Amino acid sequence: VPFDQLDGEIWFNGQFVPWKDAKIHVLTHGLHYASAVFEGERAYGGTVFKLREHTERLIESGRLLGFALPYSADEIDAATNELLDRQGFADAYVRPIAFRGSEMMGVSAQKNRINVAIAIWQWPSYFDPEQRMKGIRLDLAEYRRPDPRTAPSKAKATGLYMICTISKHAAEAKGYADAMMLDWRGQVAEATGANVFFVKDGVLHTPTPDCFLDGITRRTVIDLARRRGIEVKERVIMPEELASFEECFLCGTAAEVTPVSEIADWRFTPGETTRRLVEDYTAAVHPQRAAAE
Ligand code: PMP
């Protein structure tokens, strides 16, 4: 079944509409000029993990693109929770998007409506669960994360994903699960939809997010690691250094915590530190389950 033909509902500009009818015009500014920002969230046991943080990032991403969302964080959160209820899923992926509409055509979009939609569907595991504990294989991407003077790199904006899809397709064509992207300076940045961590001598190392998304999962992992007494170093990581790391994992809302076994010619063995953080993250997103055990 094509994705736009599923059953259920989508929240679209304040209304619950049938999934199949949540349509836009082909002359939508967001489509032509990438004036769109979005979020990726996950619900576990009927609760969206860190919903308010995601909603606030959505609003901030819009602000970085020069527009204000016509709904408050409270209204967006309420719509999300009601839609989750109506869709009837306990565990699900949540995709809000805000974009400029089709009232004017051209780079300037002063009169275009800001549309907001939220869709919720079941998306079990981003990476093949079979491969997951063994670690996934990544290629090195050809494209680099842009200089913050070149693009609003802090926004979760659709335009920034153009290079992600190109890079992911190139990696998939070579049999890899994903691609690791460097930044404009040649420093290790992030995967096409997740942040990256490395482990050396029990210490976590992760790039400083100064030109790519500071993931909510990334911040959660840093917090969980510190609570376990694991030291975390946010710093510049050059690709040449990858040879010295023992473990590597990706993290993101969709990817959760996913061990990595290869990045191009570098090799990693998912180990104790990664395993602990997979467990801690699973417990953190399932507070009800943790409390019941
Ligand atoms: N980087 C990119 C490019 C992403 O798309 C995502 C997923 N939103 C992340 C990092 C991780 O962010 P988060 O943990 O907030 O989902």
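Attention in this report is confined to the structure presented alongside it.

Cut-offs and rules
Residues numbered from 1 in each chain as written. Predicted model: local features only at pLDDT ≥ 70, side-chain atom pairs only at ≥ 80, totals over all residues. Heavy atoms only, no water. Core = buried A, V, L, I, M, F, W, Y, C linked by side-chain atoms within 4.5 Å. Buried < 20%, exposed > 50% of the residue type's maximum accessible area, 1.4 Å probe, protein only. Domains from an automatic or database assignment. Contact = heavy atoms within 4.5 Å. Helix = DSSP H or I, 4+ residues; strand = E, 2+ residues; numbered from the N terminus. Pairing = 2+ DSSP bridges. Near = heavy atom within 4 Å. Polar contact = N/O pair within 3.5 Å; in protein donor to acceptor, adjacent residues only side chain to side chain. Areas by Shrake-Rupley, 256 points an atom, 1.4 Å probe, with all protein chains shown as cover. Nonpolar A, V, L, I, M, F, W, Y, C, P; charged D, E, K, R; others polar. 1 Å grid on protein atoms, 1.4 Å probe; cavity = no way out; pocket = protein on both sides within 12 Å on 5 of 7 lines; lining within 4 Å. Points joined across faces, edges and corners; volume = space filled by probe spheres on them. Salt bridge = Lys/Arg side-chain N within 4 Å of Asp/Glu carboxyl O.

**Concerning the nonpolar core**
Item 1. Residues Trp 11, Leu 69, Ile 118 and Ile 120 are the most contacted members of the largest nonpolar core, which totals 24 residues.
Item 2. When residues of this core are assigned to domains, at least three fall in each of domain 1 (3-121) and domain 2 (129-288).
Item 3. If sequence neighbours within four positions are ignored, Trp 11 has contacts with Phe 16, Tyr 71, Ala 79, Leu 83, Val 116, Ala 117 and Ile 118.

**Notes on the pairing of strand E11 (residues 195-200)**
Item 1. A large share of E11 lies buried, amounting to five of its six residues.
Item 2. As defined by bridge partners, E11 adjoins strand E14 (residues 247-252) across five bridges and the pair is classed as antiparallel. Within E14, the position partnered with Val 196 by the bridge is Leu 250.
Item 3. The antiparallel pairing of E11 with strand E12 (residues 203-207) creates a hairpin that spans two residues between the two strands, and Asp 201 there sits at a positive phi of about 50 degrees.

**Examining the site of the ligand**
Item 1. Surveying the vicinity of the ligand reveals 14 residues, the closest of which are Lys 156, Tyr 161, Glu 190, Thr 217 and Thr 253.
Item 2. Here an oxygen atom of the ligand sits 2.9 Å away from a polar atom, N or O, in the side chain of Arg 57.
Item 3. Measuring from an oxygen atom of the ligand, one finds a side-chain N or O atom of Tyr 161 at 2.4 Å.
Item 4. Burial of the ligand by the protein chains amounts to 96% of its free accessible area of 390 Å².
Item 5. Grouping the constituent residues of the shell around the ligand by class yields four nonpolar, seven polar and three charged.

**Some points on the pairing of strand E4 (residues 41-44)**
Item 1. The side-chain alternation of E4 yields two buried faces, one formed by Glu 41 and Ala 43 and the other by Arg 42 and Tyr 44.
Item 2. Pairing geometry for E4 and strand E6 (residues 92-100), over three bridges, is antiparallel. In the strand pairing of E6, Glu 41 is matched with Val 94.
Item 3. When E4 meets strand E5 (residues 47-48), the two strands line up antiparallel, connected through two bridges. Of the residues in E5, the one forming a bridge with Tyr 44 is Thr 47.
Item 4. In this structure, the hairpin formed by E4 and E5 is closed by a connection of two residues, where Gly 45 is found at a positive phi of approximately 55 degrees.

**Description of empty space enclosed by the protein**
Item 1. One pass over the structure, following the stated rule, counts one cavity of 30 Å³ or more.
Item 2. The volume enclosed by the largest cavity comes to roughly 40 Å³.
Item 3. What lines the largest cavity is simply Glu 41, Arg 42, Tyr 44, Phe 49, His 54, Ile 216, Thr 217, Thr 253 and Tyr 281.
Item 4. Mapped onto the lining of the largest cavity, the elements with two or more residues apiece are E4 and helix H6 (216-227).
Item 5. Counting residues per element, the lining of the largest cavity draws most heavily on E4, which supplies three residues.
Item 6. Of the residues contributing to the lining of the largest cavity, the split by class is four nonpolar, three polar and two charged.
Item 7. Both domains that furnish three or more residues to the lining of the largest cavity are identified here as domain 1 (3-121) and domain 2 (129-288).

**Section: the side chain of Asp 139**
Item 1. Residue position: Asp 139 is located in strand E8 (residues 136-140).
Item 2. There is a polar contact of 2.8 Å between the side chain of Asp 139 and the side chain of Lys 174.
Item 3. Among residues more than four places away in sequence, those in contact with Asp 139 are Ala 171, Lys 174, Tyr 176, Asp 178, Ala 179, Met 180, Ile 263 and Ala 264.

**Remarks on the pattern of salt bridges**
Item 1. If you walk through the whole model with that rule in mind, you get 25 salt bridges.
Item 2. One salt-bridge network, in which partners are shared between bridges, spans Glu 53, Asp 214, Arg 218, Arg 219 and Glu 234.

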